[in-house]
Amino acid sequence: MRFRHPDGSTVHLAYCTNVHPAETLDGVLAQLRDHCEPVRRRLGRDRLGIGLWLAKDAAHALVTDPAALRRLRTELDRRGLEVVTLNGFPYEGFGAAEVKYRVYKPDWADPERLDHTTALARVLAGLLPDDVIDGTISTLPLAWRTAYDDERARSTRTALRSLAERLDALEELTGRSIRVGLEPEPGCVVETTHDAIDPLTAIGHDRIGICVDTCHLASSFEDPHTALDALTAAGVPVVKSQLSAALHAEHPHLPEVREALAAFAEPRFLHQTRTATAAGLRATDDLDEALAGHALPDASPWRSHFHVPLHAAPAAPLTSTLPVLKSALTRLVGGPAPLTRHLEVETYTWQALPPELRPKGRTQLAEGIAAELTLARDLLTDLGLKELP
């Protein structure tokens, strides 16, 4: 979906396909047929943006076989789909029964991460629509915080500088400009937008910036305007933003609230949980840890890294951090010029919701994704952007 900003620039809105992951190129092609095109048709649009997640094997197939890349591009065109952004955070296995800490491997100290992201950039340059020259990729925020020492930090800086050089060369070769954004996430080396400023200014290249995920922003109790003002002041580009909402519990000391939260503690994904105290942020790596005894203070609200559907907040006594998303969006695209032109709805946890909230089949999932995109569209038009055909 495309929108005209009042300054004349085009803002792209997509949804991320990691909600129906596939490890192979054939699986990606099936996604387009079984999920993405039905969402587009449900929205009544001739064209729909998708943020592709390409696992290692799918990316390798596309970057080593020009015919495979042409086939994917042809399928996108045939089904009324377009790609200007990729989700490069998960490397493989995102559809596994248990993902948890595995999603942070390989990290940016591992050469495989550089090679994979380079492959994604080359693929994206070949997938961009004919009238678009700018593409973006979100990526791991350096590494999970444990076992990250000075040596790994040096390897990471070297890798990101090499990536910037490769992206420069790619633009010279193709005329397409690809930028990569570190995506701050609770528990990682770069947990907050503030954590991103020093490493990104040290790299000092405008092709490497930040991806602001509004669920992660909220989970760490960051104020969107303060965070985005600090990024702007430091000259750190907001490459893209993922529009998502976290799980919020206003009164976690109450037994009924803990019972409601327990329904969201599940075995597949990590749900880092945070609370803001007078002494600073207190944290657990997962929701079940927070619920166990007194691992987390419960005198103040809790927020958990669980991407809940944008249009359907959990039932009381829980809610979502949709207000944080709205506040961030006002700053991202509501000003005289957009801070980013690539927005991506990313609710990958539909099948991890409590059983009674999960979509029953493809049709209900398509309805839910379409409803999320409709909400995002309405927020954008309320900010003065004009929806384009």
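Going by the structure above, here's the rest.
Residues numbered from 1 in each chain as written. Predicted model: local features only at pLDDT ≥ 70, side-chain atom pairs only at ≥ 80, totals over all residues. Heavy atoms only, no water.

Draft legend 1. Up close: the nonpolar core. In this structure, L13, Y15, L54 and L373 are the most contacted members of the largest nonpolar core, which totals 118 residues. Of the residues forming this core, the biggest block, 9 residues, is contributed by helix α12 (residues 362–382). (Core = buried A, V, L, I, M, F, W, Y, C linked by side-chain atoms within 4.5 Å. Buried < 20%, exposed > 50% of the residue type's maximum accessible area, 1.4 Å probe, protein only. Helix = DSSP H or I, 4+ residues; strand = E, 2+ residues; numbered from the N terminus.)

Draft legend 2. Up close: the packing of helix α3 (residues 66–78) against helix α4 (residues 111–127). α4 packs onto α3 with a crossing angle of 50° between their chain directions and a minimal axis gap of 10 Å. Regarding the angle of α3 to α4, the classification is oblique. The handedness of the crossing between α3 and α4 comes out as right-handed. Taking contact as the criterion, the partners of L69, L72, R73 and L76 in α3 are, on α4, V123, G126 and L127. Here the residues of the contact of α3 with α4 sort into 5 nonpolar, 1 polar and 1 charged. (Axes fitted to C-alpha atoms, helices over the stretch in contact; angles between N-to-C directions. Parallel < 35°, antiparallel > 145°, perpendicular 65-115°, else oblique. Left-handed = near helix turned anticlockwise from the far one by under 90°. Contact = heavy atoms within 4.5 Å. Nonpolar A, V, L, I, M, F, W, Y, C, P; charged D, E, K, R; others polar.)

Draft legend 3. Molecular detail of helix α5 (residues 150–174). If you check α5, its first and last C-alpha atoms are 36 Å apart, about what 25 residues at 1.5 Å a residue would give, namely 36 Å. For α5, the complete set of buried residues consists of A153, T156, A159, L160, L163, A164, L167 and L170. Taken together, the buried residues of α5 touch α4, β6 (177–182), α6 (193–203) and β7 (208–213). Phi turns positive, to about 80°, at G175, one or two residues after α5. (Expected span 1.5 Å × (residues − 1).)

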